[in-house]
There are 2 protein chains.
Amino acid sequence: MQEKTRRSFEVFKRNMSARGLKWTRQREIIAEVFFDAGDHLKVDELLARARRLDPRISQATVYRTIKLLKSWGLAEERRFDEGQARYEPLQEKGLHHDHLICTKCNRIVEFVKQRIEKLQHEVAREHGFEVTHHKLELYGLCADCRRR
Amino acid sequence: MQEKTRRSFEVFKRNMSARGLKWTRQREIIAEVFFDAGDHLKVDELLARARRLDPRISQATVYRTIKLLKSWGLAEERRFDEGQARYEPLQEKGLHHDHLICTKCNRIVEFVKQRIEKLQHEVAREHGFEVTHHKLELYGLCADCRRR
DNA sequence: TTGGATGCAAATGCTTTGCAATCTG
DNA sequence: CAGATTGCAAAGCATTTGCATCCAA
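None of the values given here were measured: they were computed from a predicted structure.

Draft legend 1. Just the interface of chain B and chain A, in detail. Counting residues at the interface gives 35 residues for chain B, matched by 35 residues for chain A. At the boundary of chain B with chain A, total buried surface from both sides reaches about 3200 Å², with 63% on carbon and sulfur atoms. Contact with chain A buries area across many residues of chain B, yet L119(B), F129(B) and K135(B) alone supply 21% of it, more than any other trio. The interface formed by chain B and chain A includes twelve salt bridges. The shortest N-O distance in the salt bridge between K135(B) and E137(A) comes to 3.8 Å. For the pair chain B and chain A, the number of links is 20 residue pairs in polar contact (both at pLDDT 80 or more).

Next up, the structure:
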């Protein structure tokens, strides 16, 4: 298990006991797989990886566990232009990032651009809005796919 | 019917005959309601309005008509943080805009910010990407809801 | 007349939920 | 042991589709 996985893992575990919830084999496996992946996994991918460690894990449990992770700020749901949602481990708060998505190979690259965030707040202010969160997705071809 | 509605309406009609498709009562009503609304309608809202003009129109036909509108660049599908998609009439090409969405009253405000678009291309270039389209949504409270 | 269009209901794909059986604290 | 959790299958939603009927060209 990677170091950052361990940290998130512990937070998850602590949240469980703090709320009188139970620490089960399923939750342990799902959390480990999820935090270790670091990727933008879909539920079926997460389920497949979890089942390598224990074939009896059900899809329902994966959905239920993700819901807990989301509610405690440990996971974020992303909906790109696909049918299913993807989930991504959230490390420390405040480090918001956005995504570049290759429409050919589905590669997902994260980026941070302070100046864009600033301009967003500027736009919001002009319209009297107070922004709580935002979504910025850039779709196109990645370097590899452009060459082909 | 508004003037801009009429223009889109004619483009739609011309596309029909040019492709050997038929101009039906349903398509006429759905297109008129859609272009006149100018808003970000959900399918059930569009259906309700269409049924005021003809109660027999089916949901399936609304979905099928929207699919045509999308494929000809006359409608754009938007997926904010809701279950259902919203559709918006697309006037002339090239005038891209983004959205501010009030999480309390669901008001949707459109905006254009050239400098953000520029920065997006800059980010893409840094990562070797070639952007074809993007999605920028700012969620928060609108001026009215902030006061309350 | 005839192939496209419609309405209906059934089918989909993703996600959620009810419930009996099974575990954890 | 009580109450939380799980697996399973059924239910929910938004959207799509098969098919018999209908209609525009």
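Draft legend 2. How the structure looks around the protein's contact with DNA strand C. Around DNA strand C sit 21 residues in total, of which K22(A), Y63(A), K22(B), R27(B) and T61(B) are the nearest. Restricting attention to atoms of DNA strand C within 4 Å of the protein, one finds that 71% of them are sugar or phosphate atoms. In the model, a phosphate oxygen of DNA strand C is placed 3.4 Å from a nitrogen or oxygen of the R79(A) side chain. Residue S58(B) places a side-chain N or O atom 2.9 Å away from a phosphate oxygen belonging to DNA strand C. Those elements giving two or more residues to the surface near DNA strand C turn out to be α4 (59-71) of chain A together with α2 (25-37) and α4 (59-71) of chain B. Top element by residues in the surface near DNA strand C is α4(A). It accounts for five residues. Of the residues contributing to the surface near DNA strand C, the split by class is seven nonpolar, six polar and eight charged.

Draft legend 3. Structural context of helix α1 (residues 3-18) of chain A. Residue and element names in this part refer to chain A. When the terminal C-alpha atoms of α1 are compared, their 23 Å separation across 16 residues agrees well with the 22 Å that a helix rising 1.5 Å per residue should span. Taken together, the buried positions of α1 are occupied by T5, S8, F9, F12, N15 and M16. Considered in projection along α1, the buried side chains sweep an arc of 125° and stay on one side of the axis. What points out from α1, more than 90 degrees from its buried face, is the exposed set E3, R14, S17 and A18. Buried residues along α1 sit in contact with α2 (25-37) and α4. G20 occupies a position one or two residues after α1 and carries a positive phi of about 70°.

Draft legend 4. Structural detail: the pairing of strand β5 (residues 108-111) of chain B. Residue and element names in this part refer to chain B. As defined by bridge partners, strand β4 (residues 98-102) adjoins β5 across four bridges and the pair is classed as antiparallel. Across the sheet, residue H99 finds its bridge partner in β5, namely E110. Between the antiparallel neighbours β4 and β5 lie five residues, among them N106 with a positive phi of about 65°.

Draft legend 5. Main features of the layout of surface pockets. The volume enclosed by the largest pocket comes to roughly 1000 Å³. If you trace the largest pocket, you find 35 residues lining it, with E76(A), E77(A), R78(A), E88(A) and L90(A) closest to the centre. Going through the elements one at a time, β2 (75-78), β3 (86-89) and β6 (130-141) of chain A together with β6 (130-141) of chain B are the ones with two or more residues in the lining of the largest pocket. Partitioned by chemical class, the residues of the lining of the largest pocket number six nonpolar, ten polar and 19 charged. Its volume calculated, the second largest pocket comes out at about 840 Å³. Sorting the residues of the lining of the second largest pocket by element identifies β2 (75-78), β3 (86-89), α5 (114-126) and β6 of chain B as the ones contributing at least two each. Counting residues per element, the lining of the second largest pocket draws most heavily on β6(B), which supplies six residues. Both of domain 1 (3-89) and domain 2 (98-147) of chain B provide at least three residues apiece to the lining of the second largest pocket.

Draft legend 6. Seen up close, α2(B). All names here are of chain B. Between its first and last C-alpha, α2 extends 18 Å over 13 residues, near the 18 Å set by a 1.5 Å rise per residue. Listed in full, the buried residues belonging to α2 are I29, I30, A31, V33, F34 and F35. Elements that come into contact with the buried residues of α2 comprise α1 (3-18), α3 (43-53), α4, β2 and β3. In the stretch just after α2, G38 is the one whose phi turns positive, near 70°.

What counts, and where the lines are drawn
- By convention here, each chain's residues receive numbers from 1 onward along its written sequence.
- Chains carry letters and ligands carry numbers; both start at the beginning, A for chains and 1 for ligands, and go up in the order they are written.
- Totals for whole chains, interfaces and linings use every residue, but because this is a predicted model, local features are given only for residues with pLDDT of at least 70 and side-chain atom pairs only at 80 or more, for both listing and counting.
- As a rule here, side-chain values cover all heavy atoms of the structure and leave hydrogens and water aside.
- It only takes one pair of heavy atoms within 4.5 Å for two residues to be counted as in contact.
- In short, buried area is how much 1.4 Å probe accessible area vanishes from two parts on joining, totalled over both.
- Note on definitions: salt bridges are taken to be side-chain nitrogens of Lys or Arg within 4 Å of carboxyl oxygens of Asp or Glu.
- Polar contact is defined as a pair of N or O atoms within 3.5 Å, subject to the rule that within protein one atom must be able to donate a hydrogen and the other to accept it, and that residues adjacent in sequence are counted only when both atoms are side-chain atoms.
- A cutoff of 4 Å decides nearness: a residue is near a molecule or strand if any of its heavy atoms lies inside that distance of it.
- Under the scheme used here, helices are H or I runs from DSSP no shorter than 4 residues and strands are E runs no shorter than 2 residues, and both carry numbers assigned from the N terminus.
- Lys, Arg, Asp and Glu make up the charged group, whereas Ala, Val, Leu, Ile, Met, Phe, Trp, Tyr, Cys and Pro make up the nonpolar group; the residues left over, Gly among them, are polar.
- By definition here, a helix of n residues has an expected span of 1.5 Å times n minus one.
- Only protein chains enter the calculation, and the probe is 1.4 Å; a residue is then buried if its accessible area is under 20% of its type maximum, exposed if over 50%, and partly exposed in between.
- What the arc describes is the spread of directions from the helix axis to the C-beta atoms.
- Pairing between strands requires that DSSP locate at least two bridges from one strand to the other.
- For cavity detection a 1 Å grid was placed over the protein atoms alone, and a set of points counts as a cavity when a 1.4 Å probe fits there but cannot get out; an open set counts as a pocket when protein lies on both sides within 12 Å along at least five of seven lines, with lining residues being those that have an atom within 4 Å of a point.
- Grid points are joined across faces, edges and corners, and a volume is the space filled by probe spheres set on the points.
- Bear in mind that the domain bounds are from an automatic or database domain assignment.

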